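# Structural overview
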Amino acid sequence: MPDVYLDGAALDLSYGPQTSVGELVSGIEKELIALKRVIRALTIDGCIINDWRQSPVLGEPLASRNDCSFVSASIESAAFEGVSVLQEYICQLKVNAGAGARAYRTGFHEAGAIFSSVFDGLMEVVKTMDALSGFLKGKYAGVFMQDPSEHYARMMLILEELNDANAAGDALQMADLLEHELAPFLSTIEKKLFPAGLS
């Protein structure tokens, strides 16, 4: 069995020979939830496992590994970090919307790929805002200056319009929507949701 560490401290755990890495992760997660903490990072055999929730390593036998190291964070700090990442993501979406508008106007062959990244990104923003706003109520409500759900209807309308224009192959409409609807909307929600200086 591998050595298991949590925040630098060795854990005395016993698992059967058929235990998977995923079962270890689930066990650690359950223990942390009781302490109002979450797994922030996972390192296995000295390698950081990026996007570990989706990693195929979770299905591998635990016995095939030498060491597993977990870093935890409080639920609150993870949520506040999520808000900061969300703000950065919105900034990047504005850049991508501008690039997409230019690409559609000039007939740039990668306009479709840019649109896909904008569309997928906007869906992720909606999901992330929804998850964060659910947690950041009450005591942490001040992180968002407004309830993000107030902006969902407009966001979904823009997504529908973009999808319709893309399906119709209307490059000019796509450019107009990206430049004159999406980019200003992202600027508006950025100003309305995030206190000045939050980064």
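Whatever comes next refers back to the structure up there.
Because the structure is a prediction, the values reported are computed rather than measured.

Definitions and limits used
Residues numbered from 1 in each chain as written. Predicted model: local features only at pLDDT ≥ 70, side-chain atom pairs only at ≥ 80, totals over all residues. Heavy atoms only, no water. Helix = DSSP H or I, 4+ residues; strand = E, 2+ residues; numbered from the N terminus. Expected span 1.5 Å × (residues − 1). Buried < 20%, exposed > 50% of the residue type's maximum accessible area, 1.4 Å probe, protein only. Arc of directions from axis to C-beta. Axes fitted to C-alpha atoms, helices over the stretch in contact; angles between N-to-C directions. Parallel < 35°, antiparallel > 145°, perpendicular 65-115°, else oblique. Left-handed = near helix turned anticlockwise from the far one by under 90°. Nonpolar A, V, L, I, M, F, W, Y, C, P; charged D, E, K, R; others polar. Core = buried A, V, L, I, M, F, W, Y, C linked by side-chain atoms within 4.5 Å. Contact = heavy atoms within 4.5 Å. Pairing = 2+ DSSP bridges.

## Concerning helix H4 (residues 152–168)
Under the 1.5 Å per step criterion, the end-to-end length of H4 is 24 Å for 17 residues, consistent within 8% with the ideal 24 Å. Of the positions making up H4, those classed as buried are Tyr152, Met155, Ile158, Leu159, Leu162 and Ala165. Down the axis, H4 shows its buried residues gathered within 160 degrees of arc, on one side only. Exposed side chains of H4 directed beyond 90 degrees from the buried face belong to Ala153, Glu160, Asp164, Ala167 and Ala168. One or two residues past the end of H4 sits glycine 169, with phi positive at roughly 70 degrees.

## What to know about the packing of helix H2 (residues 75–106) against helix H5 (residues 171–193)
Angle between the axes and distance between the axes: these two values describe a pair of packed helices. Interaxial distance between H2 and H5 falls to 8 Å at its minimum, and their mutual angle equals 160 degrees. One way to sum up the angle between H2 and H5 is to call them roughly antiparallel. H2 and H5 meet at a crossing whose hand is left-handed. Grouping the constituent residues of the contact of H2 with H5 by class yields 15 nonpolar, four polar and five charged.

## Thoughts on the nonpolar core
Soluble globular proteins tend to pack their nonpolar side chains together in the buried interior. Core analysis: the largest hydrophobic core is formed by 36 residues, its most contacted members being Leu86, Met155, Leu162, Leu178 and Leu182. For this core, the secondary structure elements donating two or more residues are H2, helix H3 (111–135), H4 and H5. When residues in this core are grouped by element, the largest group, 10 residues, is from H5. Leave out the neighbours within four places in its chain, and methionine 155 touches Leu122, Val125, Val126, Met129, Phe185 and Ile189.

## Re H2
Compared with an ideal rise of 1.5 Å per residue, which puts 32 residues at 46 Å, H2 spans 46 Å between its outermost C-alpha atoms and is within 8% of the ideal. Downstream of H2 by one or two residues, glycine 107 has phi in the positive range, about 75 degrees.

## So, the pairing of strand E3 (residues 37–44)
Where E3 lies against strand E5 (residues 67–74), seven bridges are found, and the strand directions are antiparallel. Along E5, the bridge assignment pairs arginine 37 with serine 74. Connecting the antiparallel pair E3 and strand E4 (residues 47–48) is a turn made up of two residues, with aspartate 45 showing a positive phi of about 50 degrees.

So far we have only geometry, and geometry alone does not tell us how the molecule works.
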